[in-house]
Structures are given as C-alpha cells and as structure tokens.
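Summary of the model geometry
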Amino acid sequence: MKVYIAGKLCTEEEREFLEKIEKICEKLGFETFLPHRDVGLAKGIKDVNKIFSGDILEGFKDCQL
C-alpha cells in the first residue's frame, strides 16, 4: 500500500518532521510518496505547473492512503 505524506513544507523543520513520518511508514512496510522528496519544492512561479503535475496529478495516482 502506498501512503501520501502531506504537511507543511515551508521550513527545514517541517520537512524533517514529514521525513520522520515517512521513515515510520517505511518501517511498517508502506511505500511512500513524499512531495518534497519525489517532486521537489517550488522556488518560484515558474515551478507551479511542475509541482502541480508531479504532486497532485501523479502523486495521488497510485496512493491508497
């Protein structure tokens, strides 16, 4: 089962928190989708389409939880 891990991504601490959750899920045997790891972070308005496509359209595609 694949888990989409969502949360705030603005600070390094917020991203580290999500990465800790990802490690717990991984140890429990789940496959994970972690947006900032799997797609990247938007650095400006030019990244919006890339982030939307990768995160929302592709990221949700095969996640069950």
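Above this text sits the structure in question.
My aim in this report is to walk through the structure given alongside it, one point at a time. Counting restarts for each chain: residues are numbered from 1 in the order of the written sequence. Only residues with pLDDT of at least 70 are given local features in this predicted model, and only at 80 or more are side-chain atom pairs given and counted; all residues enter the totals for whole chains, interfaces and linings. Derived side-chain values reflect all non-hydrogen atoms in the structure, with water molecules and hydrogen atoms excluded from consideration.

**What about the environment of Gly40?**
Test applied: Helix and strand labels come from DSSP, where a helix needs a run of H or I of at least four residues and a strand needs a run of E of at least two; each type is numbered from the N terminus. Three exposure classes are used, based on accessible area relative to the maximum for each residue type with a 1.4 Å probe and protein chains only: buried under 20%, partly exposed in between, and exposed over 50%.
Residue position: Gly40 is located in the loop between helix H2 (35-38) and helix H3 (48-58). For Gly40, a relative accessible area of 21% gives the class partly exposed.

**Some details on the pattern of salt bridges**
Going by this rule: The salt bridge definition used is simple: a Lys or Arg side-chain nitrogen within 4 Å of an Asp or Glu carboxyl oxygen.
Scanning all chains against the criterion turns up six salt bridges. The partner of Asp62 in a salt bridge is Lys2, with the nearest N and O atoms 3.3 Å apart. With a gap of 60 residues between them, Asp62 in the segment after H3 and Lys2 in strand E1 (residues 2-4) connect regions that are remote in the sequence. Overall, the relative accessible area of 38% leaves Asp62 in the partly exposed class. Look at Lys2 and you get buried, because its relative accessible area is 12%. Note that Asp38 and Arg37 form a salt bridge whose closest N and O atoms lie 2.7 Å from each other. The exposure class of Arg37 is partly exposed, given its relative accessible area of 41%. Through salt bridges with shared partners, a single ionic network connects Glu22, Lys23, Arg37 and Asp38.

**With respect to the packing of aromatic side chains**
Inclusion rule: The rule is short: rings of Phe, Tyr and Trp, with Trp giving its six-membered ring, pair when the centres are within 6.5 Å, and they are stacked under 30 degrees, edge-to-face over 60, tilted in between.
Within this structure, the stated rule accounts for one aromatic pair. Relative to Phe33, the ring of Tyr4 lies with its centre 5.2 Å away and its plane at 20°, an arrangement referred to as stacked. Residue Tyr4 is found in strand E1, and its partner Phe33 is found in strand E2 (residues 31-33); the two are separated by 29 residues along the sequence. The pair formed by Tyr4 and Phe33 is uniform in burial state, with each residue classed as buried.

**Comments concerning the environment of Gln64**
For clarity, the cut-off: For the purposes of these results, a polar contact is taken to be a pair of N or O atoms within 3.5 Å, where, inside protein, one atom must be able to donate a hydrogen and its partner to accept one; residues adjacent in sequence count only when each atom of the pair is a side-chain atom.
Here Gln64 shows up in the segment after H3. Separated by 60 residues in sequence, Gln64 and Tyr4 place their C-alpha atoms 7.8 Å apart. A distance of 2.7 Å separates a polar atom in the side chain of Gln64 from the backbone nitrogen of Lys2. A distance of 3.0 Å separates a polar side-chain atom of Gln64 from the backbone oxygen of Asp62.

Don't take any of this as a statement about function, it's just geometry.
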